[in-house]
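Spelled out, the chains give:
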Amino acid sequence: MKVAIYTLGCKVNQYETQAMERELRARGHETVPLSQEADAYVVNTCSVTASGDQKSRQAVHRLRRKHPEAVVAVCGCWSQTHAAEGRALGADLLAGTGDRMGFLGLLERAVRERAASPEGGTPLEAVDPPFDRRHFEWLPAGGLEGRTRALLKVEDGCANFCSYCIIPYARGPVRSLPMGEAAVQAAELQNQGYQEIVLTGIEISSWGRDLCQGTTLIDLMEAVSAAVPGVRLRLGSLEPRTVTEEFCERAALLPDLCPQFHLSLQSGCDATLKRMRRKYDTARYLQSVELLKRSFRHPAITTDLITGFPGETEEEFQETLDFIQKCGFARMHIFPYSERPGTPAAEMEQVPKALRGARARRAAEAAAAMRCAFLEECVGRTEEVLFEQPAGEEGLFLGHAPNYAEVLVKGTDLHNQIRPVRVTRTDGEVLFGELEE
């Protein structure tokens, strides 16, 4: 059968889509772009914000209307937490965030039933209780052809239960990929030609908690690094508590660890952090930032920020603006607060949506200035750039430095090469440079 998959959301969703596509091809099926005719269309959904919900609904509705004779299947966080809406939209197959290989078996069944009866059979459903999950689901390692950077999912689930977040209810408890298996999968990715591996998960700072072996994320990083010498290693989002002096001392010894660290912030005000049920205050967060900057050469510290959280006053927001300046972020992802029904924050006193958006714009202005300053500091440096694809029609090639800054150079046929580049200038968004011999 021909299958097209539309993916919304985070790197974990991207990884799981790639794993499903790899498994489909292993079973003899063909994966095709969404623009082509297919026997089945899969929407891998997101529910981290109200916008994610809306995009998920719209994608299912659009595909159902455009391809009435094909199977439309839904999986992911939105269908896990909004199963009734998925049913109402007429999906032929409704699943959640668990048992992706079982989902593919049901997809094959749905296509067979549709072929036997054009009207289709009874809709299939496989939405399990997420809090009953106890084991990490193995998925095949690897990405799509033409990629230079591979995702390696090492953890699923979250036990933080921040007051605004729906994801623990969609993903269930923490489950970790055993360290030995992670090393094996990383070696497979190296054999496939990948030059960089990103360790990803719903909350990788909690990796190892469920294994009860005394191992933590830094142990996993060391094992993977040893298994794939010469391959760049990059980390997904970290909780500030992960960054300790020991973590930094050991991480700095890893020869191919990329000095880009995404530390979740969400607010720079202690009172707001407490309402969010975050497990740190601004002093602990700043300590993590300072440890990383002291331990690595020109690291990029990136973060997420929520504006207009319930109860946030103008004074509290100003505290956040002042705090982010102390951190000097290389890049920020800024979101106006979005109510998630069923979470404690949804029951709190809400900030008007217009004010949430206005504060997001003010924070974005500060973030843009910090971004520009970070890139200016890169000018004159030589960076080892992993090149990915041509950019535009001016003979430019795009790649990423270890700190994940985008770099453009004049050149051709650079795909999947790591080359030294002397950075000559920036336009405030990307770096420009010249290849060094």
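Everything here concerns the structure above.
No experiment lies behind these values; they were computed from the predicted model shown. (Residues numbered from 1 in each chain as written. Predicted model: local features only at pLDDT ≥ 70, side-chain atom pairs only at ≥ 80, totals over all residues. Heavy atoms only, no water.)

Quick word on the nonpolar core
Phase 1: Membership of the largest hydrophobic core comes to 68 residues, with the highest contact counts inside it found for L199 and M221.
Phase 2: Core analysis: the next-biggest nonpolar cluster, separate from the first, contains 23 residues, A19, V71, L107 and V111 among them. (Core = buried A, V, L, I, M, F, W, Y, C linked by side-chain atoms within 4.5 Å. Buried < 20%, exposed > 50% of the residue type's maximum accessible area, 1.4 Å probe, protein only.)

Points about a negative patch on the surface
Phase 1: Taken together, the side chains of D270, D281, E315, E319 and D322 present a region of like negative charge at the surface.
Phase 2: In terms of residue count, the dominant contributor to the negative patch is helix 12 (residues 314-327) (three residues).
Phase 3: Here D322 is to be found in helix 12. (Patch = residues over 30% accessible without salt bridge, like charges linked within 9 Å, V, L, I, M, F, W, Y side chains within 5 Å. Areas by Shrake-Rupley, 256 points an atom, 1.4 Å probe, with all protein chains shown as cover. Salt bridge = Lys/Arg side-chain N within 4 Å of Asp/Glu carboxyl O. Lys, Arg positive; Asp, Glu negative; His and termini not counted. Charge placed at Lys NZ, Arg CZ, Asp CG, Glu CD. Helix = DSSP H or I, 4+ residues; strand = E, 2+ residues; numbered from the N terminus.)

Overview of the packing of helix 11 (residues 282-295) against helix 12
The description of two helices packed together rests on the angle between their axes and the distance between the axes.
Phase 1: Closest axis-to-axis distance for the helix 11/helix 12 pair is 10 Å, and the angle between their directions is 20°. Comparing the axis directions of helix 11 and helix 12 gives the class roughly parallel. In this structure, the crossing between helix 11 and helix 12 has a hand that is right-handed. Here helix 11 contributes T282, Y285, L286, V289 and K293 to the contact with helix 12, which in turn contributes F323, K326 and C327. (Axes fitted to C-alpha atoms, helices over the stretch in contact; angles between N-to-C directions. Parallel < 35°, antiparallel > 145°, perpendicular 65-115°, else oblique. Left-handed = near helix turned anticlockwise from the far one by under 90°. Contact = heavy atoms within 4.5 Å.)

Things to note about the packing of aromatic side chains
Phase 1: Per the counting criterion, the structure on display carries ten aromatic pairs.
Phase 2: Aromatic pair F161 and Y169: ring centres 5.5 Å apart, planes at 75°, arrangement edge-to-face.
Phase 3: Y169 gets classed as partly exposed once you look at its relative accessible area, which sits at 31%.
Phase 4: For the pair F309 and Y337, a centre-to-centre distance of 5.4 Å together with 80° between the ring planes defines the contact as edge-to-face. Of the two residues, F309 is situated in the loop between strand 12 (300-307) and helix 12 and Y337 in the loop between strand 13 (331-336) and helix 13 (353-378); the sequence distance between them amounts to 28 residues.
Phase 5: In this structure F309 comes out as buried when scored by relative accessible area, which is 0%.
Phase 6: Here Y337 falls in the buried class, since its relative accessible area comes to 4%.
Phase 7: By the ring-pair criterion, three or more aromatic residues cluster together here, those being Y280, Y285, F323 and F329.
Phase 8: Directly above the aromatic system of Y6 lies the positively charged group of R62, at a separation of 6.0 Å from the ring centroid.
Phase 9: The ring of F432 has R425 sitting right over it, with the charged end atom 3.9 Å from the ring centre. (Phe/Tyr/Trp six-rings, centres within 6.5 Å; stacked < 30°, edge-to-face > 60°. Lys NZ or Arg CZ within 6 Å of the ring centre and 35° of its normal.)

Observations regarding the environment of L396
Phase 1: Here L396 lies in strand 15 (residues 396-400).
Phase 2: Overall, the relative accessible area of 15% leaves L396 in the buried class.
Phase 3: Taking C-alpha positions, L396 is 9.7 Å from V407, a pair spaced eleven residues apart along the chain.
Phase 4: With sequence-adjacent residues up to four places away left out, L396 is seen in contact with P390, A391, L408, V409, K410 and G411.

Regarding unusual backbone geometry
Phase 1: The phi torsion at C212 lies on the positive side, around 55°, for a residue other than glycine.
Phase 2: The residue C212 is located in the loop between strand 9 (196-201) and helix 8 (217-227) in this model.
Phase 3: For C212, a relative accessible area of 69% puts it in the exposed group.
Phase 4: Of note in this structure, Q266 is not a glycine but carries a positive phi near 75°.
Phase 5: Along the chain, the position of Q266 falls in the loop between strand 11 (260-262) and helix 10 (270-276).

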